[in-house]
Structures are given as C-alpha cells and as structure tokens.
Amino acid sequence: MLSLRNLPFRNLKGYAGRTAALLIFAMLMTVAIFGGTMVIGGVRNGLETVESRLGADIMVTPSDAKNEFDAQTVLLQAEPGYFYMDRGKLDEIARVEGVEKVSPQLFMASAKAGCCSARLQMIAFDPASDFSIQPWIADTATDGEMGLMDVIVGSNVTVYEDRIIRFYDKECRIIGQFAPTGSTLDNCVYMNFDTVKELIEASFAKGLNIYSEYDPDNVISDVMIKVAPGADITAVAEAIQNQVSGVSVVTSKNMVSGIGDSLRHIAGSVSVFTVIFWIIGMLMTILIFTLMMNERKREFASLTAMGAGKGILSGIVTGEAFSVNLLGGIAGIVLSVVILSSFKNLIGQGLGVGFVLPSIATMLLLALVALLAVILTAAISSRIVIGKLSRMDASLVLKEGE
Amino acid sequence: MLIKAEGLKKDFPRAGKSSNFFTAVYPIDLELKAGQMIEITGRSGSGKSTLLNMISGMLTPTEGKVFLDDIDLYSLDEKALSRIRNEKIGLIPQGHTALLSLTVLENVLLPFILYNKEQAPEERAKELLEKVGISSLENARPNELSGGELRRMAIARSMLMRPGVILADEPTAGLDNENTLAVLELFRKAADEGAAILLVTHENEAANYADEVLTMDGGKLVE
C-alpha cells in the first residue's frame, strides 16, 4: 500500500540504476572505514598474540643463522626454516649473570616431498625447562600428556579424522591444536625433543636435511631466556653476546620495537587509504544524490502543487538518503566481515604480519562508527538537496521545459 | 467556495539586470464562485499561467491578495498554505507531473497520502481514471503513457480530494477531440456539483462549457 512512509523506498526502487550507484559508494565508505580499521586492529591483535606467546625476554640463535633468521622472520613469515648450534651453548648461556631460566628449542622443517603431509615448521621444546610453550598448552584442550611421536599443531594445520600427521614417513599423533595467532606460529607443529630427534634422523636417512653432519643428540636451534627479576634485559643480552661465541641475541624489547614499527607503517598506509576511500565515497555519494535530486526537481515541484509542504519534501529526501546509505553501509560491513574472515590468512601473509580479527564487541563498535559515518554523509547530502528544494520556485520549475 | 483575487500583480527581474523588472501580470481583480467555470484564454506569454499560479498559492504576488473564502492565502505560513492547497485546491500544472517510480493509480492517490495515514481511496481513484478514460492504464508506469494520457492522469489526481477549487493550466493540451470534450464535460460536471473552476486554455471548445470567458493580453485581463 502506498504511504508517505514508504514513498522514499518506492523512489529508490524506481531509480534502480542510480540507487545501485549510491549503494556501491556507501558500501565503499564502510568497507574503507570498517574494513580498514579491522585490518589495523587485526594486525595489532596478531602481533600482540605473537608477542605474548613468545614468552621469553631474550632469544639466542646461532650467529651463522643470522642472515637467514631473525625472530620476526620466524614468527611472521611463511617459509619454514631450521639451523643448529652446539648444545653446549645452553650451559654457557645459563652461566651468564642475570639469566634466570633457559630452555632450548630445536627447529625442523618438513619437506615438500611425498613423505610429509605438508611443508611445516616443527618446533621441539624441552618439557622440563620450557616456560614459553607449555603455558599455552595448558590453555589448550589436549588428549593427555605429550609423549614420543605426539604433536600439538597450530590452527592452520589440517587435522584429519585419524589425527595422524606424517613427516619423513614417520607418523605422529595429533593430541591438540592451538588457537589462532595470525602468524606463522599457526603453521607450526610442536613436539618434544625425543620426537624431533626421530624426525631429524628420518630426514637424514632420506637425504632431505642439509645439516646431516650434526648429531641430533647434541644440537639445539635456539635458547629461550627469562632474565632474573630486576635484571636489565639489554645488559643481559649484551653479556650473552660478549661471553658466548657464535650466537646472535635478540631481546623481546627489540622485537616489540620492530613489531611496533611494522604496525605503525601498516597502520599508516591503511589509514591513508581509509581516509582517501571515505572521502571519495562521501563526495561521490553527495554528488550522485544531488544530481539525482536535480533531475527530479519537477517531481518535487509536482508534489508541491499537490500540497506537499517543505517538511514533507524534506522527509522524502531524508528518507531516501538515509535508507540508501544505511543499506549500503550495512552491506559494506557484511562484505568486510566476510572478506576479512575468509581471507585473513592471505591478508596476514600479504601484509607480512600476524593477523587476528578483533573481538565481536570491537567489531560491533567499529560497525557502529562506520554506520555513523555513512549517516553523516546521508545528512550532508540530504541537507544540500533540502536547501536547494527550499529555494526552488515550484511554479517556475513546472513551467520549464514545457 | 469563493476564491477572490484583489489587485494581483507580478513583476519578474529581467535576466542579468538586477535593477530592471518586467511586469508579467498587471493588477487584476478576479472572483470565482462555487459552481462557476471561468475560462482564461490568450496568447503564449500573456501572463495566464502566472495569474493561475498566484491564485493557487504557488507563486507569491508582487502586490495584491488572494482570498479563499475569508482566508488570505499569502498571510498563511508555508505549512498551512500547503495544507490548504492539498485539501481545497486541485491544481493541474502544465506538462507532465507524474512521479516516475509510481504507477498511474498510485500517482492519482498521491494527494491523499501526503497528510493521511488511512487506507487511500483506491475506488475513488479508479472511478476518476475511468472518467478520464485511462482506467486500463492504472498499473502502468508514467513512462509508458503518452503526453495526453499523462494530462488525463493529472486531471484525475486534481479531483481526488474533492477540492472546492480546481485550477487547470492547459488541461487538454495533447488530447484528441474526443478526450478533450470528455475532460471539459468532467470539469463542467464538477462545477455543476459546486466546484469553482478556472481553466487556462487555448482550446476553443472550452468556451462552450465555461460560464465566462476572459482573455489575457500583455498581462492584463480583458472581457
């Protein structure tokens, strides 16, 4: 039934092409505001998760790995890697003043060959000394204690029904899976030292390990370090660098600083695009809406002749502007959520950082802000048109072009 | 219902010359009583439409007043004037006046829905479409109609609210002879039922239906 209330919707339907254009630009605006802010938030969340999971004050790696390794590379880039140093370094590091806890890790990468289920980063830890991985295991549902050939996998690793994953033709049992971090930690497989040694030996046997001269019982890849309460992390890191030969040292402070720089860089770029897209979307929306109303001024003059006052004309214009912008805005939010949820891993890899979607509450808040922005656009465009209509001489418009 | 114009005059500024005006309508007195049908004829540009727009409350006169019964139209605020035009004046402007997103029937119903939330009087609208001979087009869109059909739609719409005054600017433009006569008969019948009707037209046939024929010439009204 025709009513004054549904007249704006009928008009939008009647001018389908231009309504579609307005919807697209309103969508563009919310995709820019909501999607852009979600990307920044996702990157921040990802990096915070990675940082918290790192769980160590200092990481020590072999210095000959320096060119192909830095902590951020391991954490944030996709390609698995591995490198080894003599296990004796662990004791040397533990003796440095200010070091409270040390825990070794051993890295391994599975092969792309048919003997492995997938190319993944394997990280072995020592359950007796570990303080960085086990706290997250405690928060993860697992099927009991981690024994020989048991693994816990990152969130991106596919877990089949039989919960078996194969490396170098050795079968491992998946006993749990971690929640996402948005980083390459999600592509990792965690195990104890006994398991990784079996796998390293299997990789030697297949000729798929470039470090075949090493004895798996006497090598480690890195050492995670917790400094004593009150100790200066930078000073301890310098002491390790000076006192232990052949190692490279990175502090969590440096990592956080690097992470902060990446985040600022990415956030800056995304913010610029967000603002540009929003301004373009807003200007185009205002332009199309104003032009559309200009073309329809004869309709408004006719309504005036029928007795529609300025309040009624304003209501129709405002109804059209708010409806089309709200619909487009909601569509843009839905589209952003769908795209970001579906392609979050790709986005993280593309940006070279961890990516974890913000919480539902944060998303709702962002959605509200994005909708307020399109409502502002609707208010501006309807205000312009209403201003023009109030200055319009309806009798003259009805005489024009006849 | 009585509509009365007293000393109505309209000046327009000349384009590009801010201090120079031309007078489209010289001071005119006109009285249109209930049941009366007056035809105003004259050449293009003689001021007929300007006079009609001033009488309808759409165009503020430079001088003079328009009374609808005892109400001075131009003393009212915009809201009250619009409401009076909706309820008491059926205005048929020149040219097409349709909303392209609505059907013909919905276009006819428009004056009702502007201020009423009740069910629109579809039966009355259909009856009016029947009277102007386009009932078969009630579900058509305005862009499917010819110019003459659009004029008839506007005529039906002007009568929906049973206005006491009907002001029609070239209502029969674009109509064939048969439909012209049907429309003029419709106006005559409305006048006979008590409406005050002012027709601005070039149509010679209208004189046969009007109670009085006036001519506009150079902005002045002559008998």
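Counting starts from 1 at the beginning of each chain's written sequence and moves along it residue by residue. Written order determines the labels here, with chains lettered from A and ligands numbered from 1. Residues qualify for local features only when their pLDDT is at least 70, as the model is predicted, and side-chain atom pairs are given and counted only at 80 or more; totals for whole chains, interfaces and linings, by contrast, use all residues. Hydrogens and water molecules were not included; the side-chain quantities draw on all heavy atoms of the structure.

**Q** Explain the nonpolar core to me, and be specific about the residues and the numbers.
**A** We define a nonpolar core as any set of buried Ala, Val, Leu, Ile, Met, Phe, Trp, Tyr and Cys residues linked to one another through side-chain atoms lying within 4.5 Å. The rule is simple: take the accessible area with a 1.4 Å probe, protein chains only, and divide by the maximum for that residue type; under 20% is buried, over 50% is exposed, in between is partly exposed. Of all hydrophobic cores here, the largest spans 102 residues; its most connected members are Phe300 and Leu303 of chain A together with Ile40, Phe187, Ile197 and Leu198 of chain B. With 7 residues, helix 3 (residues 104-113) of chain B is the single largest residue contributor to this core. By the convention used here, residues are in contact when the closest approach between their heavy atoms is within 4.5 Å. Not counting residues within four places of it along the chain, the set of residues in contact with Leu198 of chain B comprises Leu30, Leu32, Ile38, Ile40, Leu52, Ile55, Ile166, Leu167 and Ala168 of chain B. With 61 residues, the next largest nonpolar core counts Met122, Met149, Ile175 and Val189 of chain A among its residues. Numbered from the N terminus, helices here are DSSP runs of H or I no shorter than four residues, and strands are runs of E no shorter than two.

**Q** Please give an account of the confidence of the model for chain B that cites residues and values.
**A** The predicted coordinates of low-pLDDT regions are not to be read in fine detail. Mean pLDDT over chain B: 92, with 97% of residues reaching 70 or higher. Per the prediction output, this complex has pTM 0.72; the corresponding ipTM is 0.94. On a scale of 0 to 100, pLDDT captures the predictor's confidence in every residue.

**Q** If you had to explain the packing of aromatic side chains to someone new, which residues and values would you point to?
**A** Any pair of Phe, Tyr and Trp rings, taking the six-membered ring for Trp, is counted once the centres come within 6.5 Å. Such a pair is stacked with planes under 30 degrees apart, edge-to-face with planes over 60 apart, and tilted for the rest. Taken as a whole, this structure holds 2 aromatic pairs over all chains when the rule is applied. Centroid distance Phe178 of chain A to Tyr190 of chain A: 5.1 Å. Interplanar angle 85°. Geometry classified as edge-to-face. Of this pair, Phe178 of chain A sits in the loop between strand 7 (170-177) and strand 8 (188-192) while Tyr190 of chain A sits in strand 8, and the two are 12 residues apart along the sequence. Here Phe12 of chain B and Phe22 of chain B contribute two aromatic rings whose centre-to-centre distance is 5.9 Å and whose plane-to-plane angle is 35°, an arrangement assigned as tilted. Here Phe12 of chain B is found in strand 1 (residues 3-14), whereas its partner Phe22 of chain B is found in strand 2 (residues 17-32), with 10 residues between them in sequence.

**Q** How would you explain the sheet that holds strand 3 (residues 99-109) of chain A if you had to name every residue and give the values?
**A** All names here are of chain A. Note on pairing: two strands pair once DSSP finds at least 2 bridges between them. On the basis of which strands lie adjacent, the open sheet formed by 9 strands has the order 6-7-5-8-4-3-10-1-11 and mixed pairing. Because the sheet does not close on itself, it has two edges, and the strands there are strand 6 (164-167) and strand 11 (247-251). The mean angle between the axes of side-by-side strands here comes to 30°, regardless of whether they run parallel or antiparallel. Of the pairings in the sheet, the one linking strand 1 (residues 58-62) to strand 11 comprises 5 bridges and is antiparallel in character. Note that in strand 11 the partner of Thr61 across the bridge is Ser248. Lines fitted to the C-alpha atoms define the axes, with helices restricted to the stretch that makes contact. Angles between their N-to-C directions range from 0 to 180 degrees. Strands in contact with helix 6 (residues 193-205) are strand 3, strand 4 (121-125), strand 5 (150-153), strand 6, strand 7 and strand 8; relative to strand 3, the strand with the most contacts, it is inclined by about 35°. Across the face of the sheet, helix 7 (residues 233-243) comes into contact with strand 1, strand 3, strand 10 (222-227) and strand 11 while running at roughly 175° to strand 11.

**Q** How would you sum up the packing of helix 10 (residues 310-342) of chain A against helix 12 (residues 360-391) of chain A? Please name residues and give values.
**A** All names here are of chain A. It is at 8 Å that the axes of helix 10 and helix 12 come closest, and there the two elements cross at 150°. Classified by the interaxial angle, the pair formed by helix 10 and helix 12 is roughly antiparallel. Once helix 10 is placed against helix 12, the crossing between them reads as right-handed. Gly falls in the polar group here, along with every residue not listed as nonpolar (Ala, Val, Leu, Ile, Met, Phe, Trp, Tyr, Cys, Pro) or charged (Asp, Glu, Lys, Arg). Per-class residue counts for the contact of helix 10 with helix 12 are 17 nonpolar, 7 polar and 1 charged. In this scheme, roughly parallel covers angles under 35 degrees and roughly antiparallel covers those over 145, while 65 to 115 is roughly perpendicular and the rest are oblique. Two helices that cross are described as forming a left-handed crossing if the nearer one is turned anticlockwise from the farther one by less than a right angle, and a right-handed crossing if clockwise.

**Q** Can you explain the interface of chain A and chain B? Please cite residues and give values.
**A** Across the contact, 28 residues belong to chain A and 30 residues belong to chain B. Around 2,600 Å² of area is buried between chain A and chain B when both sides are counted, 63% of it from carbon and sulfur atoms. By definition, a salt bridge exists where a carboxyl oxygen of Asp or Glu is found within 4 Å of a side-chain nitrogen of Lys or Arg. Between the two partners, chain A and chain B, sit 1 salt bridge. Here Glu106 of chain B and Arg10 of chain A are joined by a salt bridge, their closest N and O atoms 2.7 Å apart. Any pair of N or O atoms that falls within 3.5 Å is considered a polar contact. Within protein, one atom must be able to donate a hydrogen and the other to accept it, and sequence-neighbouring residues count only if both atoms are side-chain atoms. Connecting chain A to chain B are 11 residue pairs in polar contact (both at pLDDT 80 or more). Buried area: the accessible surface (1.4 Å probe) lost by two parts on joining, summed over both.

**Q** Tell me what's going on with the pattern of salt bridges, and back it up with residues and numbers.
**A** Tallied over the full model, the rule gives 19 salt bridges over all chains. Taking the shortest distance from any N to any O, the salt bridge between Lys206 of chain A and Asp169 of chain A comes out at 2.9 Å. Taken as a pair, Lys206 of chain A in the loop between helix 6 and strand 9 (219-220) and Asp169 of chain A in the loop between strand 6 and strand 7 lie far apart in primary sequence, 37 residues in all. For the salt bridge of Glu87 of chain B with Arg83 of chain B, the shortest nitrogen-to-oxygen distance reads 3.1 Å. Taken together, the residues span about one helical turn, with Glu87 of chain B and Arg83 of chain B both in helix 2 (residues 78-88) at a distance of 4 residues. In the salt-bridge network here, residues are joined through shared partners; they are Arg166, Asp169 and Lys206 of chain A.

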